[in-house]
Amino acid sequence: DTAVSQTPKYLVTQMGNDKSIKCEQNLGHDTMYWYKQDSKKFLKIMFSYNNKELIINETVPNRFSPKSPDKAHLNLHINSLELGDSAVYFCASSQQGAGNTIYFGEGSWLTVV
Amino acid sequence: AQSVTQLDSQVPVFEEAPVELRCNYSSSVSVYLFWYVQYPNQGLQLLLKYLSGSTLVKGINGFEAEFNKSQTSFHLRKPSVHISDTAEYFCAVSDKGNTPLVFGKGTRLSVIA
(Lines give C-alpha, C1' and ligand atoms only; values in the text may rest on other atoms or scores of the structure.)
Protein backbone atom coordinates (compact mmCIF):
# COMPACT_ATOMS: atom_id res chain seq x y z
CA ASP A 1 0.00 0.00 0.00
CA THR A 2 1.31 3.43 -0.93
CA ALA A 3 1.73 5.57 2.18
CA VAL A 4 1.36 8.97 0.50
CA SER A 5 -0.35 8.89 -2.86
CA GLN A 6 -0.99 11.79 -5.17
CA THR A 7 -2.80 12.06 -8.49
CA PRO A 8 -2.27 12.74 -11.27
CA LYS A 9 1.39 11.83 -11.67
CA TYR A 10 1.70 13.73 -14.93
CA LEU A 11 -0.31 16.75 -16.01
CA VAL A 12 0.13 18.82 -19.15
CA THR A 13 -2.16 21.79 -19.49
CA GLN A 14 -2.45 25.15 -21.19
CA MET A 15 -1.81 28.54 -19.67
CA GLY A 16 -4.86 30.02 -18.03
CA ASN A 17 -6.42 26.69 -17.10
CA ASP A 18 -7.38 25.62 -13.57
CA LYS A 19 -6.16 22.27 -12.28
CA SER A 20 -6.14 20.24 -9.08
CA ILE A 21 -3.76 17.70 -7.60
CA LYS A 22 -5.10 15.31 -4.99
CA CYS A 23 -3.21 13.76 -2.11
CA GLU A 24 -4.04 11.10 0.42
CA GLN A 25 -2.00 9.52 3.21
CA ASN A 26 -2.78 6.29 5.04
CA LEU A 27 -0.13 6.66 7.75
CA GLY A 28 -2.43 8.20 10.36
CA HIS A 29 -0.36 11.39 10.41
CA ASP A 30 -1.81 14.67 11.62
CA THR A 31 0.26 16.98 9.42
CA MET A 32 0.37 17.26 5.63
CA TYR A 33 2.43 19.42 3.30
CA TRP A 34 2.80 20.60 -0.26
CA TYR A 35 6.31 21.15 -1.59
CA LYS A 36 7.36 22.51 -4.98
CA GLN A 37 10.49 21.28 -6.74
CA ASP A 38 11.71 23.45 -9.59
CA SER A 39 13.74 22.46 -12.65
CA LYS A 40 16.98 22.86 -10.68
CA LYS A 41 15.71 20.37 -8.07
CA PHE A 42 15.31 23.09 -5.44
CA LEU A 43 12.67 21.98 -2.95
CA LYS A 44 10.56 24.56 -1.15
CA ILE A 45 7.60 24.22 1.16
CA MET A 46 4.36 25.84 0.04
CA PHE A 47 1.79 24.87 2.67
CA SER A 48 1.41 22.82 5.79
CA TYR A 49 -1.78 21.66 7.48
CA ASN A 50 -2.16 20.18 10.94
CA ASN A 51 -5.47 18.48 11.72
CA LYS A 52 -7.06 20.29 8.77
CA GLU A 53 -5.84 23.69 9.97
CA LEU A 54 -3.44 25.75 7.85
CA ILE A 55 -0.26 26.33 9.85
CA ILE A 56 2.31 27.26 7.22
CA ASN A 57 1.59 29.39 4.19
CA GLU A 58 4.82 30.44 2.54
CA THR A 59 5.01 33.18 -0.04
CA VAL A 60 2.91 31.56 -2.72
CA PRO A 61 0.64 33.32 -5.24
CA ASN A 62 -2.97 33.25 -4.14
CA ARG A 63 -3.76 31.34 -7.33
CA PHE A 64 -2.66 28.33 -5.28
CA SER A 65 -5.28 27.18 -2.81
CA PRO A 66 -4.90 24.10 -0.62
CA LYS A 67 -7.90 22.32 0.82
CA SER A 68 -7.92 19.70 3.54
CA PRO A 69 -11.29 17.96 3.84
CA ASP A 70 -9.93 15.69 6.58
CA LYS A 71 -6.62 14.74 8.19
CA ALA A 72 -5.83 12.17 5.52
CA HIS A 73 -6.31 14.41 2.50
CA LEU A 74 -4.71 17.61 1.27
CA ASN A 75 -5.56 18.77 -2.23
CA LEU A 76 -3.95 21.58 -4.19
CA HIS A 77 -5.94 23.70 -6.59
CA ILE A 78 -4.22 26.06 -8.98
CA ASN A 79 -6.10 28.79 -10.86
CA SER A 80 -5.02 30.57 -14.02
CA LEU A 81 -1.94 28.47 -14.59
CA GLU A 82 1.23 30.23 -15.77
CA LEU A 83 4.33 28.90 -17.50
CA GLY A 84 6.33 29.43 -14.31
CA ASP A 85 4.08 27.01 -12.44
CA SER A 86 5.69 24.13 -14.32
CA ALA A 87 7.38 22.04 -11.65
CA VAL A 88 7.07 18.85 -9.65
CA TYR A 89 4.67 19.14 -6.74
CA PHE A 90 5.19 16.81 -3.80
CA CYS A 91 2.65 16.01 -1.16
CA ALA A 92 4.03 14.81 2.17
CA SER A 93 2.91 13.93 5.67
CA SER A 94 4.29 13.48 9.18
CA GLN A 95 3.31 13.53 12.79
CA GLN A 96 3.56 17.07 14.14
CA GLY A 97 6.95 17.69 15.73
CA ALA A 98 10.20 18.99 14.32
CA GLY A 99 12.17 15.75 14.58
CA ASN A 100 9.58 13.53 12.98
CA THR A 101 10.23 12.03 9.57
CA ILE A 102 8.37 13.52 6.64
CA TYR A 103 7.07 10.96 4.15
CA PHE A 104 6.78 12.08 0.55
CA GLY A 105 4.52 11.07 -2.29
CA GLU A 106 5.99 10.29 -5.69
CA GLY A 107 5.30 13.72 -7.10
CA SER A 108 3.04 15.28 -9.70
CA TRP A 109 4.84 16.56 -12.79
CA LEU A 110 2.99 19.68 -13.95
CA THR A 111 3.84 21.14 -17.35
CA VAL A 112 2.15 24.34 -18.45
CA VAL A 113 2.32 25.05 -22.19
CA ALA B 1 16.23 31.41 10.37
CA GLN B 2 18.12 28.29 9.48
CA SER B 3 19.71 27.53 6.13
CA VAL B 4 21.55 24.66 4.49
CA THR B 5 24.46 24.70 2.07
CA GLN B 6 25.37 21.65 0.05
CA LEU B 7 28.77 22.51 -1.28
CA ASP B 8 28.78 20.19 -4.29
CA SER B 9 26.02 20.18 -6.86
CA GLN B 10 27.39 17.08 -8.58
CA VAL B 11 29.66 14.29 -7.36
CA PRO B 12 30.80 11.61 -9.81
CA VAL B 13 32.42 8.56 -8.24
CA PHE B 14 33.48 5.13 -9.43
CA GLU B 15 31.64 2.06 -8.24
CA GLU B 16 32.98 0.60 -4.97
CA ALA B 17 34.83 3.85 -4.15
CA PRO B 18 34.03 5.80 -0.98
CA VAL B 19 32.01 9.00 -1.15
CA GLU B 20 31.34 12.02 1.06
CA LEU B 21 28.57 14.49 0.36
CA ARG B 22 29.04 17.72 2.25
CA CYS B 23 26.41 19.68 4.12
CA ASN B 24 26.78 22.78 6.28
CA TYR B 25 23.98 24.52 8.11
CA SER B 26 23.45 27.77 9.87
CA SER B 27 21.07 28.29 12.74
CA SER B 28 20.97 30.34 15.90
CA VAL B 29 19.30 27.52 17.84
CA SER B 30 19.66 23.79 18.31
CA VAL B 31 18.69 21.83 15.24
CA TYR B 32 17.61 18.51 13.91
CA LEU B 33 19.40 17.36 10.74
CA PHE B 34 18.28 15.04 7.98
CA TRP B 35 19.49 13.46 4.78
CA TYR B 36 16.93 12.47 2.17
CA VAL B 37 17.50 10.63 -1.13
CA GLN B 38 15.53 11.08 -4.33
CA TYR B 39 15.85 8.37 -6.97
CA PRO B 40 14.95 9.33 -10.56
CA ASN B 41 11.27 10.15 -11.01
CA GLN B 42 10.45 9.37 -7.40
CA GLY B 43 9.71 11.20 -4.20
CA LEU B 44 12.15 11.75 -1.36
CA GLN B 45 12.83 9.13 1.28
CA LEU B 46 14.67 9.45 4.55
CA LEU B 47 18.23 8.09 4.68
CA LEU B 48 18.99 9.12 8.26
CA LYS B 49 18.49 11.85 10.81
CA TYR B 50 20.22 13.37 13.81
CA LEU B 51 18.06 14.39 16.74
CA SER B 52 20.38 14.09 19.73
CA GLY B 53 22.90 11.75 21.35
CA SER B 54 25.67 10.08 19.39
CA THR B 55 27.02 12.35 16.69
CA LEU B 56 27.56 9.43 14.30
CA VAL B 57 24.27 8.41 12.76
CA LYS B 58 23.77 5.28 10.70
CA GLY B 59 21.09 5.11 8.05
CA ILE B 60 19.74 2.85 5.37
CA ASN B 61 21.71 1.43 2.43
CA GLY B 62 25.04 1.63 4.28
CA PHE B 63 25.08 5.42 4.61
CA GLU B 64 26.18 7.27 7.73
CA ALA B 65 26.58 10.91 8.70
CA GLU B 66 28.44 12.75 11.42
CA PHE B 67 27.08 15.79 13.22
CA ASN B 68 29.81 18.30 13.98
CA LYS B 69 28.46 21.18 16.02
CA SER B 70 31.65 23.25 16.04
CA GLN B 71 31.87 23.10 12.25
CA THR B 72 28.09 23.22 11.78
CA SER B 73 28.34 20.30 9.41
CA PHE B 74 26.47 17.06 8.77
CA HIS B 75 28.40 15.28 6.02
CA LEU B 76 27.08 12.06 4.51
CA ARG B 77 29.43 9.15 3.83
CA LYS B 78 29.41 5.67 2.36
CA PRO B 79 32.54 3.50 2.27
CA SER B 80 31.70 1.74 -1.00
CA VAL B 81 29.05 2.95 -3.44
CA HIS B 82 26.95 0.95 -5.88
CA ILE B 83 25.44 1.89 -9.21
CA SER B 84 22.06 1.87 -7.47
CA ASP B 85 23.17 4.77 -5.24
CA THR B 86 22.94 7.12 -8.22
CA ALA B 87 20.40 9.70 -7.08
CA GLU B 88 19.89 13.22 -5.76
CA TYR B 89 20.74 13.68 -2.09
CA PHE B 90 19.24 16.45 0.03
CA CYS B 91 20.41 17.69 3.39
CA ALA B 92 17.74 19.38 5.51
CA VAL B 93 17.56 21.21 8.81
CA SER B 94 14.81 21.96 11.26
CA ASP B 95 14.90 23.87 14.50
CA LYS B 96 13.09 22.43 17.47
CA GLY B 97 10.00 24.55 17.01
CA ASN B 98 7.32 24.43 14.38
CA THR B 99 9.28 26.04 11.57
CA PRO B 100 9.28 24.04 8.35
CA LEU B 101 12.06 21.73 7.25
CA VAL B 102 14.55 23.66 5.10
CA PHE B 103 16.27 21.74 2.31
CA GLY B 104 19.61 22.29 0.66
CA LYS B 105 19.82 22.52 -3.12
CA GLY B 106 20.78 18.88 -3.46
CA THR B 107 23.85 16.95 -4.60
CA ARG B 108 23.63 14.72 -7.62
CA LEU B 109 25.62 11.54 -6.95
CA SER B 110 26.55 9.70 -10.13
CA VAL B 111 28.14 6.28 -9.69
CA ILE B 112 30.21 5.19 -12.66
CA ALA B 113 30.77 1.53 -13.51
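One can find the structure itself at the top, above this paragraph.
Residues numbered from 1 in each chain as written. Chains lettered and ligands numbered in written order. Predicted model: local features only at pLDDT ≥ 70, side-chain atom pairs only at ≥ 80, totals over all residues. Heavy atoms only, no water.

Structural notes on the nonpolar core
All names here are of chain B.
Thought 1: Counting 29 residues, the largest nonpolar core has Leu 33, Trp 35, Leu 47, Leu 48, Phe 74, Leu 76 and Tyr 89 as the members making the most contacts within it.
Thought 2: Among the elements of the structure, strand 2 (10–14), strand 3 (19–21), strand 5 (31–38), strand 6 (44–50), strand 8 (64–68), strand 9 (73–78), strand 10 (87–95) and strand 12 (107–112) are those that each provide at least two residues to this core.
Thought 3: With residues near it in sequence (within four places) discarded, Leu 76 still touches Val 19, Glu 20, Leu 21, Trp 35, Leu 47, Leu 48, Phe 63, Glu 64, Ala 65 and Tyr 89. (Core = buried A, V, L, I, M, F, W, Y, C linked by side-chain atoms within 4.5 Å. Buried < 20%, exposed > 50% of the residue type's maximum accessible area, 1.4 Å probe, protein only. Helix = DSSP H or I, 4+ residues; strand = E, 2+ residues; numbered from the N terminus. Contact = heavy atoms within 4.5 Å.)

Brief notes about the interface of chain B and chain A
Bring the parts together and some accessible area is lost; that lost area is often taken as the interface size.
Thought 1: Chain B puts 23 residues into the contact, and the matching count from chain A is 21 residues.
Thought 2: Together, the buried faces of chain B and chain A total about 1,700 Å²; carbon and sulfur atoms form 60% of this surface.
Thought 3: On the chain B side of the contact with chain A, Asn 41, Leu 44 and Phe 103 of chain B bury the most area, a combined 27% of that side's loss.
Thought 4: Viewed at the interface, chain A and chain B are joined by 0 salt bridges.
Thought 5: Put simply, chain B and chain A have 4 residue pairs in polar contact (both at pLDDT 80 or more) between them.
Thought 6: Looking at the side of chain B that touches chain A, its residues break down into 10 nonpolar, 8 polar and 5 charged. (Buried area = accessible area lost by both parts, 1.4 Å probe. Salt bridge = Lys/Arg side-chain N within 4 Å of Asp/Glu carboxyl O. Polar contact = N/O pair within 3.5 Å; in protein donor to acceptor, adjacent residues only side chain to side chain. Nonpolar A, V, L, I, M, F, W, Y, C, P; charged D, E, K, R; others polar.)

What about the sheet that holds strand 7 (residues 64–70) of chain A?
All names here are of chain A.
Thought 1: Pairing in this open sheet of 4 strands is antiparallel, and the strands run 1-3-8-7 from one edge to the other. Here the strands that pair on one side only, and so sit at the sheet edges, are strand 1 (4–7) and strand 7. When the angles between neighbouring strand axes are averaged without regard to direction, this sheet yields 20°.
Thought 2: Relative to strand 3 (residues 19–25), strand 1 runs antiparallel, the two being bridged by 4 bridges. Bridge pairing in strand 3 places Gln 6 opposite Cys 23. (Pairing = 2+ DSSP bridges. Axes fitted to C-alpha atoms, helices over the stretch in contact; angles between N-to-C directions.)

Looking at the pairing of strand 5 (residues 43–50) of chain A
Along a regular strand, successive side chains alternate from one face of the sheet to the other.
Thought 1: Across the 8 residues of strand 5 of chain A, 7 count as buried, placing the element largely inside the fold.
Thought 2: Taken together, strand 4 (residues 31–37) of chain A and the strand that follows it, strand 5 of chain A, pair antiparallel across an intervening segment of 5 residues, in which Lys 41 of chain A is found at a positive phi of about 75°.

A look at the state of the cysteines
All names here are of chain A.
Thought 1: If you walk through the whole model with that rule in mind, you get 2 disulfides over all chains.
Thought 2: Between the sulfur atoms of Cys 23 and its disulfide partner Cys 91 the distance amounts to 1.8 Å. Residues Cys 23 and Cys 91 are joined by a disulfide whose S-S torsion is about -80°; by sign, that bridge is left-handed. Here Cys 91 lies in strand 9 (residues 87–94) and Cys 23 lies in strand 3, a separation of 68 residues in the sequence. Side by side, Cys 23 and Cys 91 carry an identical accessibility label, which is buried. (Disulfide = S-S within 2.5 Å.)

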